[in-house]
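Notes for the structure review
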Amino acid sequence: MQYGFFDLENREYVVTNPATPSAWANYLGSPEYGAIISNNAGGYSFVKSGAKGRITRYRFNSVTAHQPGRYIYIRDKDADDFWSASWMPVGKSLDTYKSECRHGTAYTTISSEYKDIKTETDYYVPHNATHEIWRLKVTNNGDTPRNLSVTGFVEFTSDSNYEQDQVNLQYTLFITRTLYKDGYVLQHINENFKDPNKVRMFGVVGADVTAYCGDRDKFVGNYRSYANPAGISDGLKNDLNYCGNSCGALQSDVLLKPGETKEFIYILGQKTDAEAKELINTYKSSQTRVDDELKELKKYWHGKLDNLQVKTPDDKFNNMLNVWNAYQCFITFIWSRAASFQYCGLRNGFGYRDTVQDIQGIIHLAPEMARKQIEFMLSAQVSNGAGLPLVKYNHNAGFEDTPDDDSYVKETDHPSYRADDALWLFPTVKKYIDETGDIDFLDFEILFADVNEKASVYEHLKRAIDFSMNNLGPHGMPAGLHADWNDCLRLGKTGESTFVLFQFIYAMKILKDYALIKNDVEYITWLDKTLADISEKTDCLCWNDDRWIRGFREGGDIIGKRGDPEASMWLNPQSWGVISGHSGDERGKITMDSVYRELNTPYGTMLMYPAYKDHAFDGALALCFNRGVKENAGVFCHSQGWSILAEALLGRGNRAYEYLCEVSPAYMNEKADIRVLEPYAHGQNIEAKDSPFSGRSHVHWLTGAATTVMVAMVEGILGLRPTTDGIVINPSIPSEWKNWSMTKRFREKTLNISINNPSGSEHGVKSVTLNGNKLAENFIPVSELKEVNEIIIEM
C-alpha cells in the first residue's frame, strides 16, 4: 500500500494517508537545538543533547505511537466537537477528516480539513536559532461563522536528563512548577537554583490567551488520554503545576467569519523569562518573520543540495540522490546516533567509526563542513594511533583519558580500542582532499586526544598505520581487538579480521600516494615492502575457493569458510576486497558472484549466511538475535553501499543498480506496509529471508547506510571520482539509461554533464568532450575548467 509520494520540485515527501505503518519522521534544527517530528506531529525537542538536553517528553515504544508531541486542538464550541490540526492525537475518522503532511528539508507542514475548517501548520527551527516555531493558519471554508477554541499543547520533561525524567520519579516529580506570564507558560526546574538552563517557555503570538494550563494531569484529566483531554472538552481552567508533571497549554477563543483566516504562532524553547518576553515581542513586531525564516531555511538546505543534481530516467533515483539520501547524510552527520524514535539519546558521545564514516556522505555537498568534522575526529585520535571508541560531547583534545585508563572505561563503558576506528580516516581524508584539491591539509597540525602535542594530518595517518602494525595477530594480520566494524563478531584480542585487513591495505595505498607527494622516500620504501608482504599473506591465508574468509579466531579457527554449516559466507570481506583494489577484476567478480548467489535477497544482501543457530562460538554475539535479523543473517543496511560500490567498480552497472533498487527506501514506496519505515530514509536493518516478515525495516534515519549508499551512487553509479588535480567521470549504470545528465559544483566551478548511451552499455567511456574539445581520456584536469563547463560523455 502507498501512503504518500515524492514531490521533487518542492523537495518534499508528501504523506497523504496519515495512518502510516509507523511514525514517519523528519528532523528540524541544528546541533544547538534539535527536534524530531512525525507525520502526526509526534516527537520531542532537545537542546544540544538528546540524552541530557531533553525539553519535551516522548514515550518510546508505546502502544499508541507518535505520542506525545506538538499538538494543536481545535474545538467548535457551538457544536461541542473537537479535533486536532494533525490527525493524531484525536484521530477523527478519515472518512470525514482529511490530512496531508509535507516533510521538507528541516521543516514539516501538516494540513487538515474537517467540517469546513482548514488548518495548515508549519513546524520548523529557524536557521541557527535555539527555539522552534509552529505557525498555524486556520481558515473557515464554510458559509457560516464558527466559534472556535484553538489550543496549543506541549508536555515538558521534568528533567533535562532523559533517564532521570523517565525513571527517577521519586525526585523529578518534586522539582518543577509552572507560571503564566503575558502570552506564555514558563516552566521552572529546581527553581531555587536559579539556573537559566532549567527554564522552558511555550508561548503564542497572533491571538489573545483566553485560558491556560501548566499541569499535565489537569490538562489530560483522570482516565483520559491525549485523544480526549479534559482541558479540550471542558476548556482550560488556568491550572498551574507545583510538583508533578508540567505542560504548556494555551487556549485562544476566536470567532472565524466565512472565508476568514486566522494565524497563530506558537513558540517553544529553553528560555528564561526575559528571553521568552523578548522572543514573543520579536514575532509580534513582524508580520513576515515566519515566512522569511522558512525562506531562509529552504535557501540554506537547497543550496547545499544544489551542489549535485541528476536527471536520470529513474525518478526514485533522482529523488533519493537529489534530496532525501543527501538530506539524511546531513542528519547523520549532525546527530550521529543521538536521537530518533528508536535511539533514546542515551549515548553520551560520538562513536568514532560511525562519525568518521558519516562525514563521507556530505563531502561532495559541503566540504567546508566536512573539514571541520574531520579535524574534530583527528583530535580524538590517541597518540598511539587508535581512535577513541567513544568521543565525549565535551571532548577536550590533548587532555582526554583513553581505554588504557579506568576512568575512561567507567565513564564510556568502552574497555578497549577498536581495530578499525582509525582506518576510516583514510578514505574520509582522501575524499575531502580529492573533492577540494586541498593537499595542504596534510600539513595542518592537530592535537592528539591524550597528549598536548600537535602533529600534521599526515603524521596522524602514519600513526594510524603504526597502531595496526603494533597490533598484529599470529598470522601477521590486523588483530580483531575488542571488535572490528561488526560489534557482534568478537574474534578475540589476537583474532584477525579479513575485513580490517582490506581496510589496512586500502589505507596503505592511500598513504603511499601522500608519501609520494611529500617525497617521503624512506617511508615509501617501507610501505611498498609492507604492502607486498601483507598482500601475499592475504592471498595465502584468506582466499577460500570463491570467497575471502571472515577471519581467524584466537587459537586459529577460521570463520567464514566454504562448507561451514553456519556463517560460511560473509559480505564485507568480498565487497572490501574489491574496494581496496586487492581482489582485482577476476577474483572480484568471483567473490561478488558468490555474494549474489548466496547472500542476495529481494530486499538487499545479507550480512552473512547461513544464520547462527547451533554452531556459534562464544564471540558470535549475533546469536542473540532471531535468525534473519540484524547481524544474524539480516540485511544490515550500512554494508549495502559497499556492495553497490564494489559492483560499480567492477563495471557491472546492472547489478549495482539492482542492489540499489533492493535497498533504497524509495523503491518500497508502493510496498510501505512491508517496509514499515519511512520510504524516504534508510533504516539500520531489514529482515531477511529467514524471517517471516522479510522486507520489514527497523531503526530509522540514524544509520551509516545513508553515507555508504550515497557514496556508492555518486562515486560508483554516477562515476564521479575527483582527484587532487581533476575529476574522473566513469559511470557504471543500468543499461536502460540511454540519456541522462547531472550538474555538479566542483571547486567553485559548474559542471553540466550530459551522458549519451545509445548502445545500452553498463560501463565504459568512449569519449569525453569538454566545452567543445575532445579529451584524450575520461579524466578532466582542473586546469582546463571554466566557470561554467559543458561536458558530453559518450558511452
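Above: the structure in question.
Let us look at the structure shown here. (Residues numbered from 1 in each chain as written. Predicted model: local features only at pLDDT ≥ 70, side-chain atom pairs only at ≥ 80, totals over all residues. Heavy atoms only, no water.)

A word on the overall build of the chain
Scanning the chain from N- to C-terminus turns up 20 helices and 41 strands. A compact globule built from 795 residues should have a C-alpha radius of gyration of about 28 Å, and the chain, at 28 Å, falls within 12% of that. Summarising its shape, the C-alpha atoms of the chain cover approximately 85 × 65 × 50 Å along the three principal directions. Within the span of the chain, comprising 795 residues, buried residues form 64% of the whole. A fraction of 66% describes how many contacts in the chain between residues 6 or more apart in sequence connect residues 24 or more apart. Of the roughly 28,700 Å² of accessible surface on the chain, 47% is carried by carbon and sulfur atoms. Charge separation in the chain, taken as the distance between the mean sites of 84 positive and 105 negative side-chain charges, equals 3 Å. (Helix = DSSP H or I, 4+ residues; strand = E, 2+ residues; numbered from the N terminus. Rg over C-alpha atoms; globule rule 2.2 N^0.38 Å. Buried < 20%, exposed > 50% of the residue type's maximum accessible area, 1.4 Å probe, protein only. Contact = heavy atoms within 4.5 Å. Areas by Shrake-Rupley, 256 points an atom, 1.4 Å probe, with all protein chains shown as cover. Lys, Arg positive; Asp, Glu negative; His and termini not counted. Charge placed at Lys NZ, Arg CZ, Asp CG, Glu CD.)

Section: the pairing of strand E38 (residues 767-770)
Residues Ser767 and Thr769 line one face of E38 and the alternating positions Val768 and Leu770 line the opposite face, and both faces are buried. Strand direction decides the pairing type here: E38 and strand E41 (residues 788-794), joined by 4 bridges, are antiparallel. Across the sheet, valine 768 pairs through a bridge with isoleucine 793, a residue of E41. When E38 meets strand E39 (residues 773-775), the two strands line up antiparallel, connected through 3 bridges. (Pairing = 2+ DSSP bridges.)

A closer look at the environment of threonine 724
Take threonine 724: it is sitting in the loop between strand E34 (720-723) and strand E35 (726-729). On the accessibility criterion, threonine 724 (32% relative accessible area) is partly exposed. Sequence separation of threonine 724 and tyrosine 432 is 292 residues, and the distance between their C-alpha atoms is 9.6 Å. Leaving out residues up to four positions away in the same chain, threonine 724 has contacts with Ile433, Asp434, Gly437, Ile439 and Arg747.

Digging into unusual backbone geometry
Going from methionine 88 to proline 89, the amide bond is cis rather than trans, its omega being 20°. When you line up the elements, proline 89 lands in the loop between strand E7 (81-84) and strand E8 (97-103). Of note, the bond from tyrosine 609 into proline 610 is cis; its omega dihedral lies within 30 degrees of zero at -5°. As for its placement among the helices and strands, proline 610 is situated in the loop between strand E30 (608-609) and strand E31 (635-636). Positive phi values are uncommon outside glycine, yet aspartate 80 reaches one of about 55°. Inspection of the secondary structure puts aspartate 80 in the loop between strand E6 (71-76) and E7. By relative accessible area, which is 55% here, aspartate 80 ends up exposed.

As for the sheet that holds strand E12 (residues 146-155)
The 5 strands are arranged E7-E6-E12-E17-E16 in an open sheet whose pairing can be described as antiparallel. Across the chains shown, the open sheet's two edge strands, defined by having one partner strand only, are E7 and strand E16 (211-215). Shown here is a sheet whose adjacent strand axes are inclined to one another by a mean of 20°, direction ignored. Pairing between E6 and E12: 6 bridges, direction antiparallel. If you follow arginine 75 over to E12, its bridge partner there is serine 149. (Axes fitted to C-alpha atoms, helices over the stretch in contact; angles between N-to-C directions.)

Topic: the sheet that holds strand E32 (residues 683-686)
Pairing within the open sheet is antiparallel, and its 3 strands lie in the order E31-E32-E33. With partners counted over all chains shown, the strands left at the sheet margins are E31 and strand E33 (697-700), one partner each.

Quick notes on the pattern of salt bridges
Using the criterion set out here, one finds 58 salt bridges in the structure. With a shortest N-O distance of 2.9 Å, arginine 59 and glutamate 155 are connected by a salt bridge. A residue pair is termed long-range when its members are at least 10 positions apart, and arginine 59 in the loop between strand E5 (43-46) and E6 and glutamate 155 in strand E12 qualify at 96 residues. Residue classification places glutamate 155 among the buried residues on the basis of a relative accessible area of 1%. Between lysine 512 and aspartate 528 there is a salt bridge, with the nearest N and O atoms lying 2.8 Å from each other. Placement of the pair is lysine 512 in helix H13 (residues 498-518) and aspartate 528 in helix H14 (residues 521-542), with a sequence separation of 16 residues. The class for lysine 512 is partly exposed, based on a relative accessible area of 24%. (Salt bridge = Lys/Arg side-chain N within 4 Å of Asp/Glu carboxyl O.)

Thoughts on the packing of aromatic side chains
Inspection of every chain in the model, using the stated rule, returns 57 aromatic pairs. Taken together, a centroid distance of 6.4 Å and an interplanar angle of 75° make the contact between tyrosine 71 and tyrosine 73 edge-to-face. Judged by its relative accessible area of 0%, tyrosine 71 falls in the buried class. Centroid distance tryptophan 324 to tyrosine 327: 6.1 Å. Interplanar angle 80°. Geometry classified as edge-to-face. Of this pair, tryptophan 324 and tyrosine 327 both sit in helix H7 (residues 315-335), 3 residues apart, roughly one helical turn. A residue is classified by how much of its surface remains accessible, and tryptophan 324, at 1% relative accessible area, is buried. Aromatic ring contacts, followed pair by pair, group Tyr3, Phe6, Tyr13, Trp24, Tyr27, Tyr300, Trp301, Trp324, Tyr327, Phe330, Tyr680 and Trp701 into a single cluster. Lying over the aromatic face of phenylalanine 444, arginine 371 brings its terminal NZ or CZ to 4.7 Å of the ring centre. (Phe/Tyr/Trp six-rings, centres within 6.5 Å; stacked < 30°, edge-to-face > 60°. Lys NZ or Arg CZ within 6 Å of the ring centre and 35° of its normal.)

A closer look at the packing of helix H16 (residues 584-598) against helix H18 (residues 653-663)
Across the interface, H16 lies against H18 with an axial gap of 13 Å and an inter-helix angle of 40°. Crossing handedness for the pair H16 and H18: left-handed. Here Met592, Asp593, Val595 and Tyr596 of H16 come into contact with H18, specifically with Arg655, Glu658 and Tyr659. Within the contact of H16 with H18, the residues separate by chemical class into 4 nonpolar, no polar and 3 charged. (Left-handed = near helix turned anticlockwise from the far one by under 90°. Nonpolar A, V, L, I, M, F, W, Y, C, P; charged D, E, K, R; others polar.)

Observations concerning the nonpolar core
Formed by 247 residues in total, the largest nonpolar core has its most connected members in Phe219, Phe317 and Trp701. Residues contacting phenylalanine 317, with those up to four places away along its chain left out, are Val310, Thr312, Leu660, Tyr667, Met713, Ile717, Leu718 and Trp737. (Core = buried A, V, L, I, M, F, W, Y, C linked by side-chain atoms within 4.5 Å.)

So, the pairing of E35
Across 4 bridges, E34 lies against E35 in antiparallel orientation. Across the sheet, threonine 723 pairs through a bridge with glycine 726, a residue of E35. Between the end of E34 and the start of E35, which pair antiparallel, lie 2 residues. The sheet contact formed by E35 and strand E40 (residues 779-781) spans 3 bridges and is antiparallel. Pairing of valine 728 across the sheet is with phenylalanine 779, part of E40.

Quick word on the environment of cysteine 661
Tracing the backbone shows cysteine 661 in helix H18. For cysteine 661, a relative accessible area of 23% gives the class partly exposed. Residues cysteine 661 and glycine 604, spaced 57 residues apart in sequence, show a C-alpha to C-alpha distance of 8.5 Å.

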